Amino acid sequence: MDNDMLSSLLSDPEALQNAMKTVSGMLGGAEQPSSPPANDYDPTADMMQRALPVIGAIVQSGQGAVRQEKRALLGALKPFVTEEVAGQFDHAMRLVSMARMARAAMGQLSQAGRTEGGTPPDDTTPQAL
(Lines give C-alpha, C1' and ligand atoms only; values in the text may rest on other atoms or scores of the structure.)
Protein backbone atom coordinates (compact mmCIF):
# COMPACT_ATOMS: atom_id res chain seq x y z
CA MET A 1 0.00 0.00 0.00
CA ASP A 2 1.54 3.34 -0.96
CA ASN A 3 1.65 6.46 1.23
CA ASP A 4 -1.16 8.22 -0.65
CA MET A 5 -3.54 5.29 -0.21
CA LEU A 6 -2.63 5.02 3.46
CA SER A 7 -3.02 8.78 4.00
CA SER A 8 -6.41 8.81 2.32
CA LEU A 9 -7.53 5.82 4.40
CA LEU A 10 -6.33 7.42 7.63
CA SER A 11 -7.90 10.76 6.78
CA ASP A 12 -11.36 9.27 6.26
CA PRO A 13 -12.75 7.77 9.50
CA GLU A 14 -15.66 6.12 7.67
CA ALA A 15 -13.33 4.42 5.16
CA LEU A 16 -11.08 3.35 8.01
CA GLN A 17 -14.03 1.85 9.87
CA ASN A 18 -15.13 0.01 6.72
CA ALA A 19 -11.60 -1.32 6.25
CA MET A 20 -11.49 -2.48 9.85
CA LYS A 21 -14.83 -4.27 9.40
CA THR A 22 -13.52 -5.91 6.24
CA VAL A 23 -10.35 -7.06 8.01
CA SER A 24 -12.41 -8.33 10.91
CA GLY A 25 -14.61 -10.26 8.49
CA MET A 26 -11.59 -11.75 6.76
CA LEU A 27 -10.19 -12.84 10.12
CA GLY A 28 -13.42 -14.63 10.90
CA GLY A 29 -14.97 -11.91 13.07
CA ALA A 30 -18.57 -11.05 12.39
CA GLU A 31 -20.81 -8.29 13.57
CA GLN A 32 -21.43 -9.27 17.17
CA PRO A 33 -24.81 -8.71 18.78
CA SER A 34 -24.75 -6.62 21.94
CA SER A 35 -24.75 -9.75 24.09
CA PRO A 36 -23.12 -12.60 22.17
CA PRO A 37 -23.51 -16.18 23.35
CA ALA A 38 -20.54 -17.29 25.44
CA ASN A 39 -19.43 -20.01 23.01
CA ASP A 40 -19.48 -17.60 20.00
CA TYR A 41 -17.28 -14.95 21.60
CA ASP A 42 -14.68 -13.55 19.20
CA PRO A 43 -11.91 -11.59 20.96
CA THR A 44 -10.68 -10.15 17.65
CA ALA A 45 -14.02 -8.54 16.88
CA ASP A 46 -14.29 -7.29 20.46
CA MET A 47 -10.83 -5.74 20.22
CA MET A 48 -11.70 -4.12 16.89
CA GLN A 49 -14.89 -2.62 18.31
CA ARG A 50 -12.95 -1.17 21.23
CA ALA A 51 -10.11 0.09 19.03
CA LEU A 52 -12.21 1.88 16.39
CA PRO A 53 -13.18 4.89 18.57
CA VAL A 54 -9.56 5.31 19.67
CA ILE A 55 -8.28 5.03 16.11
CA GLY A 56 -10.96 7.48 14.97
CA ALA A 57 -9.86 10.03 17.58
CA ILE A 58 -6.23 9.63 16.51
CA VAL A 59 -7.15 10.10 12.84
CA GLN A 60 -9.20 13.20 13.62
CA SER A 61 -6.25 14.73 15.44
CA GLY A 62 -4.17 14.23 12.29
CA GLN A 63 -6.84 15.86 10.14
CA GLY A 64 -6.73 19.02 12.24
CA ALA A 65 -2.93 19.21 12.39
CA VAL A 66 -2.67 22.01 9.83
CA ARG A 67 -5.23 24.79 9.95
CA GLN A 68 -7.46 25.21 6.92
CA GLU A 69 -6.10 28.72 6.29
CA LYS A 70 -2.55 27.40 6.03
CA ARG A 71 -3.66 24.58 3.74
CA ALA A 72 -5.38 27.15 1.53
CA LEU A 73 -2.27 29.36 1.48
CA LEU A 74 0.01 26.48 0.50
CA GLY A 75 -2.49 25.40 -2.14
CA ALA A 76 -2.60 28.92 -3.56
CA LEU A 77 1.20 29.02 -3.77
CA LYS A 78 1.51 25.73 -5.68
CA PRO A 79 1.00 27.21 -9.17
CA PHE A 80 3.90 29.59 -8.54
CA VAL A 81 6.51 27.07 -7.40
CA THR A 82 8.20 24.13 -9.06
CA GLU A 83 6.55 20.73 -9.03
CA GLU A 84 9.22 19.52 -6.60
CA VAL A 85 8.46 22.31 -4.11
CA ALA A 86 4.71 21.73 -4.46
CA GLY A 87 5.32 18.06 -3.67
CA GLN A 88 7.33 19.10 -0.62
CA PHE A 89 4.36 21.16 0.59
CA ASP A 90 2.15 18.06 0.39
CA HIS A 91 4.80 15.89 2.00
CA ALA A 92 5.27 18.37 4.86
CA MET A 93 1.53 18.48 5.56
CA ARG A 94 1.38 14.67 5.61
CA LEU A 95 4.35 14.55 7.98
CA VAL A 96 2.72 17.06 10.32
CA SER A 97 -0.50 15.03 10.24
CA MET A 98 1.35 11.78 10.93
CA ALA A 99 3.34 13.40 13.74
CA ARG A 100 0.11 14.69 15.27
CA MET A 101 -1.46 11.23 15.00
CA ALA A 102 1.62 9.66 16.61
CA ARG A 103 1.45 12.19 19.43
CA ALA A 104 -2.26 11.50 19.90
CA ALA A 105 -1.59 7.75 19.91
CA MET A 106 1.09 8.19 22.56
CA GLY A 107 -1.37 10.30 24.55
CA GLN A 108 -3.98 7.54 24.29
CA LEU A 109 -1.45 4.97 25.49
CA SER A 110 -0.25 7.07 28.40
CA GLN A 111 -3.84 7.99 29.29
CA ALA A 112 -4.77 4.31 29.38
CA GLY A 113 -1.75 3.62 31.58
CA ARG A 114 -2.65 6.43 33.99
CA THR A 115 -6.27 5.30 34.32
CA GLU A 116 -5.15 1.73 35.01
CA GLY A 117 -2.60 2.96 37.53
CA GLY A 118 -5.10 5.16 39.38
CA THR A 119 -3.76 8.53 38.23
CA PRO A 120 -6.40 10.68 36.55
CA PRO A 121 -5.75 11.42 32.85
CA ASP A 122 -4.94 14.95 31.73
CA ASP A 123 -5.64 16.73 28.42
CA THR A 124 -2.80 15.87 26.01
CA THR A 125 -4.50 17.20 22.89
CA PRO A 126 -2.00 19.40 21.01
CA GLN A 127 -3.06 22.62 19.30
CA ALA A 128 -3.27 22.86 15.50
CA LEU A 129 -0.48 24.60 13.60
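A brief report on the enclosed structure follows. (Residues numbered from 1 in each chain as written. Predicted model: local features only at pLDDT ≥ 70, side-chain atom pairs only at ≥ 80, totals over all residues. Heavy atoms only, no water.)

### Side note on the overall build of the protein
The condition that has to hold: For helices the rule is a DSSP run of H or I covering at least 4 residues; for strands it is a run of E covering at least 2, with both sets numbered from the N terminus onward. In this description, contact between two residues means that some pair of their heavy atoms is separated by no more than 4.5 Å. Note on areas: these come from Shrake-Rupley sampling with a 1.4 Å probe, and a residue is covered only by the protein chains present in the view.
In terms of helices and strands, the protein carries 5 helices and 0 strands. Secondary structure elements of the protein occur, N-terminal to C-terminal, as α-α-α-α-α. Here the contacts in the protein between residues at least 6 apart in sequence split such that 60% fall between residues at least 24 apart. Accessible area of the protein: about 9,000 Å², with a carbon and sulfur share of 59%.

### Topic: helix α3 (residues 43-63)
Here is the rule: Residue count minus one, scaled by 1.5 Å, sets the expected span of a helix. The bend reported for a residue corresponds to the angle between axes fitted to the seven residues ending at that residue and the seven starting there. Here's how the labels work: a residue is buried when its accessible area is under 20% of the maximum for its type, exposed when over 50%, partly exposed in between, all with a 1.4 Å probe on protein chains only.
Helix length check: α3, at 21 residues, gives a terminal C-alpha distance of 30 Å against a target of 30 Å (1.5 Å per residue), a fit within 8%. In the structure, α3 departs most strongly from a straight axis at Ala-51, where the bend amounts to approximately 30° and where the proline Pro-53 lies between one and four residues downstream. Buried residues of α3: Ala-45, Asp-46, Met-48, Leu-52, Gly-56, Ile-58, Val-59, Ser-61 and Gly-62, and no others.

### Structural notes on the pattern of salt bridges
Opposite charge on two side chains lets them pair, provided their charged atoms get close. Spelled out, the test is: Counted as salt bridges are all cases of a side-chain nitrogen of Lys or Arg within 4 Å of a carboxyl oxygen of Asp or Glu.
Across all of its chains, the model carries 1 salt bridge by this definition. A salt bridge links Asp-90 to Lys-78, with the shortest nitrogen-to-oxygen separation between them at 2.4 Å. Residue Asp-90 is found in helix α5 (residues 83-117), and its partner Lys-78 is found in the loop between α4 (68-77) and α5; the two are separated by 12 residues along the sequence.

### A few points about the nonpolar core
Applicable threshold: Definition of nonpolar core: a set of buried residues of the types Ala, Val, Leu, Ile, Met, Phe, Trp, Tyr and Cys, connected through side-chain atoms within 4.5 Å.
By size, the foremost hydrophobic cluster in this structure holds 8 residues: Leu-16, Met-20, Met-48, Leu-52, Ile-58, Val-59, Met-101 and Ala-104. Put simply, the parts of the chain that give this core at least two residues each are α2 (13-26), α3 and α5. It is α3 that contributes the most residues to this core, 4 residues altogether. Once residues lying within four places of it in the same chain are set aside, the contact partners of Ile-58 are Met-101, Ala-104, Ala-105 and Gln-108.

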